[in-house]
Amino acid sequence: MENVITERLEALRTELRREHLSAFVLSAEGSCWISGNDKAEGIAVVTQEDVELWKKEEYPTLIAAIPAIAEWLQEQFEKKKFQSPEIGIDGMQTSTADVEALKEQMKHRGGITIRTNFDPIERVGKNNPNPPVIPITPINPTEPTTQKLARIRQELRKQHADGMLATRREDVAWTLNLQTPDETGGKAAESYLLIASNKATLFVDSRRASNEVRAYLATQGVEVKEQKEISKGLKDYFEYNILVDPDEVCYTLYKKITRIVVFGESPIATMRDVSS
């Protein structure tokens, strides 16, 4: 196992050198990959010389660890261990709130800047590069999706928002009355639900959405598109504004939005809790 960790760290550091990054912040998925242990969750920061880990027991979320991470990074910078003042974090795996908090912390710490458009783990490999594709399936609803969408839109109007992007697996599943198995044992494949005033679109790996699921969703006024089309979906979003929950929506997708952003709490989680 020690050899595996050493090999993965060297592969990661090679990619950082190619990208001229002095450090990379790894969330739970990345720290599990480094250790080779799917249960070794935490937040890790890798530089060319060091690896520092903030354990999940002490820091259950990234945002809780950010002040300590920022202080440690500043110390490394002051010790002249950085080749450049730029560090990286995966914007597709990190919430808007977390990235903005890290940027704010680093702004006054020696001019260190944050880059979010690079995923070194994607390049060098994952613990399970070919996870099984488990289909999503409809469930017998206590409330039709059409009614849930109507109630969501009603709540959005209270926040003066014309639509929203839902990315939490459980929120998407509840809204659409779908069963979405957690196929990795720790994190399900992403899907995105873009809700507008008169339409809704599910962006999901097409291999997971059978003809039965597509037909069912069509009866509920929900279109199905390929997961990778989410960026274009946000670009083509036609409403005046859109609600973004900064604790839910990842930073990369937030930056793809071209309309006015209304920051607020997603109404779906509250509605889901009430109905359970």
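Here we summarise the structure given alongside this text. On a predicted model such as this, the values are computed, not experimentally measured, just so you know.

**What about the pairing of strand β4 (residues 86-89)?**
At step 1: Relative to β4, strand β1 (residues 23-26) runs parallel, the two sharing three bridges. Paired with Ala23 across the two strands is Ile87, which belongs to β4.
At step 2: For β4 and strand β5 (residues 113-115), the ladder comprises three bridges, and the chain directions are parallel. Counterpart to Gly88 in the pairing with β5 is Arg115.
At step 3: Of the crossover connections in this fold, the one passing from β4 over helix α4 (residues 96-107) to the parallel β5 is right-handed.

**With respect to the nonpolar core**
At step 1: The biggest cluster of nonpolar side chains holds 26 residues, and the ones touching the most others in it are Met164, Leu176, Leu178, Leu202 and Leu217.
At step 2: Secondary structure elements with two or more residues in this core: α6 (145-158), β7 (164-166), α7 (169-176), β9 (192-195), β10 (200-204), α8 (211-219), β11 (222-226) and α11 (267-275).
At step 3: Residue contacts for Leu176: discarding those within four places in its chain leaves Thr145, Leu193, Leu202, Tyr216, Leu217 and Val222.
At step 4: Ala65, Leu73, Met106 and Ile114 belong to the second-largest nonpolar core, a separate cluster that totals 19 residues.

**Comments concerning the packing of aromatic side chains**
The geometry of an aromatic ring pair is captured by the separation of the ring centres together with the interplanar angle, meaning the angle of the planes.
At step 1: All chains considered together, the criterion is met by six aromatic pairs.
At step 2: What links up through ring pairs into an aromatic cluster is the set Tyr251, Tyr254 and Phe263.
At step 3: The positively charged end of Lys148 is found above the aromatic ring belonging to Trp174, 4.2 Å away from the centroid.

**Considerations on empty space enclosed by the protein**
Over the atoms, a rolling probe the size of a water molecule traces out where space has been left empty.
At step 1: Under the counting rule described, the total for this entry stands at two cavities of 30 Å³ or more.
At step 2: Lining the largest cavity are 13 residues, and of these Ser27, Gly30, Asp90, Gln93 and Asp119 lie nearest its centre.
At step 3: The set of elements that each furnish at least two residues to the lining of the largest cavity consists of β1 and α2 (28-35).
At step 4: Top element by residues in the lining of the largest cavity is β1. It accounts for three residues.
At step 5: A per-class count over the lining of the largest cavity returns five nonpolar, four polar and four charged.

**Observations regarding helix α3 (residues 62-78)**
At step 1: The terminal C-alpha atoms of α3, which comprises 17 residues, lie 23 Å apart, in line with the 24 Å expected from a rise of 1.5 Å per residue.
At step 2: Of all the bends in α3, the largest measures some 30° and sits at Ala68.
At step 3: Looking at the packing, one finds that the buried side of α3 touches β1, β2 (42-47), β3 (51-55), β4 and α4.
At step 4: Downstream of α3 by a residue or two, Lys80 has a phi angle that is positive, lying close to 60°.

**Some points on the environment of Thr94**
At step 1: If you trace the backbone, Thr94 turns up in the loop between β4 and α4.
At step 2: Residue classification places Thr94 among the buried positions, given a relative accessible area of 3%.
At step 3: Sequence separation between Thr94 and Glu57 is 37 residues; the distance between their C-alpha atoms is 19 Å.

**A short note on a negative patch on the surface**
At step 1: Taken together, the side chains of Glu52, Glu71, Glu75 and Glu78 present a region of like negative charge at the surface.
At step 2: It is α3 that contributes the most residues to the negative patch, three residues altogether.
At step 3: Note that Glu75 resides in helix α3.

**Observations concerning the layout of surface pockets**
At step 1: In this structure, the second largest pocket occupies an estimated 210 Å³ of space.
At step 2: Around the second largest pocket, the lining is made up of 13 residues, and of these Lys199, Thr201, Lys225, Gly233 and Asp236 lie nearest the centre.
At step 3: If you tally residues by element for the lining of the second largest pocket, the top one is helix α9 (residues 230-236), at three residues.

**Structural notes on the pattern of salt bridges**
At step 1: Per the stated rule, a full pass over the model turns up 15 salt bridges.
At step 2: Measuring nitrogen to oxygen at the nearest pair gives 2.7 Å for the salt bridge that ties Glu15 to Arg18. Separated by three residues within a single helix, Glu15 and Arg18 lie in helix α1 (residues 2-18), roughly one turn from each other.
At step 3: Between Glu143 and Arg151 there is a salt bridge, with its nearest N and O atoms 2.9 Å apart.
At step 4: We classify Glu143 as buried; its relative accessible area is 14%.
At step 5: On the basis of relative accessible area, Arg151 is assigned to the partly exposed category, the value being 32%.
At step 6: Through salt bridges with shared partners, a single network forms among Glu15, Arg18, Glu19, Arg115 and Arg123.

Reading guide: rules and limits
- Residues numbered from 1 in each chain as written.
- Predicted model: local features only at pLDDT ≥ 70, side-chain atom pairs only at ≥ 80, totals over all residues.
- Heavy atoms only, no water.
- Pairing = 2+ DSSP bridges.
- Helix = DSSP H or I, 4+ residues; strand = E, 2+ residues; numbered from the N terminus.
- Right-handed = clockwise from strand over helix to strand, strands pointing away.
- Core = buried A, V, L, I, M, F, W, Y, C linked by side-chain atoms within 4.5 Å.
- Buried < 20%, exposed > 50% of the residue type's maximum accessible area, 1.4 Å probe, protein only.
- Contact = heavy atoms within 4.5 Å.
- Phe/Tyr/Trp six-rings, centres within 6.5 Å; stacked < 30°, edge-to-face > 60°.
- Lys NZ or Arg CZ within 6 Å of the ring centre and 35° of its normal.
- 1 Å grid on protein atoms, 1.4 Å probe; cavity = no way out; pocket = protein on both sides within 12 Å on 5 of 7 lines; lining within 4 Å.
- Points joined across faces, edges and corners; volume = space filled by probe spheres on them.
- Nonpolar A, V, L, I, M, F, W, Y, C, P; charged D, E, K, R; others polar.
- Expected span 1.5 Å × (residues − 1).
- Bend = angle between axes of the 7 residues up to and from the residue.
- Patch = residues over 30% accessible without salt bridge, like charges linked within 9 Å, V, L, I, M, F, W, Y side chains within 5 Å.
- Areas by Shrake-Rupley, 256 points an atom, 1.4 Å probe, with all protein chains shown as cover.
- Salt bridge = Lys/Arg side-chain N within 4 Å of Asp/Glu carboxyl O.
- Lys, Arg positive; Asp, Glu negative; His and termini not counted.
- Charge placed at Lys NZ, Arg CZ, Asp CG, Glu CD.

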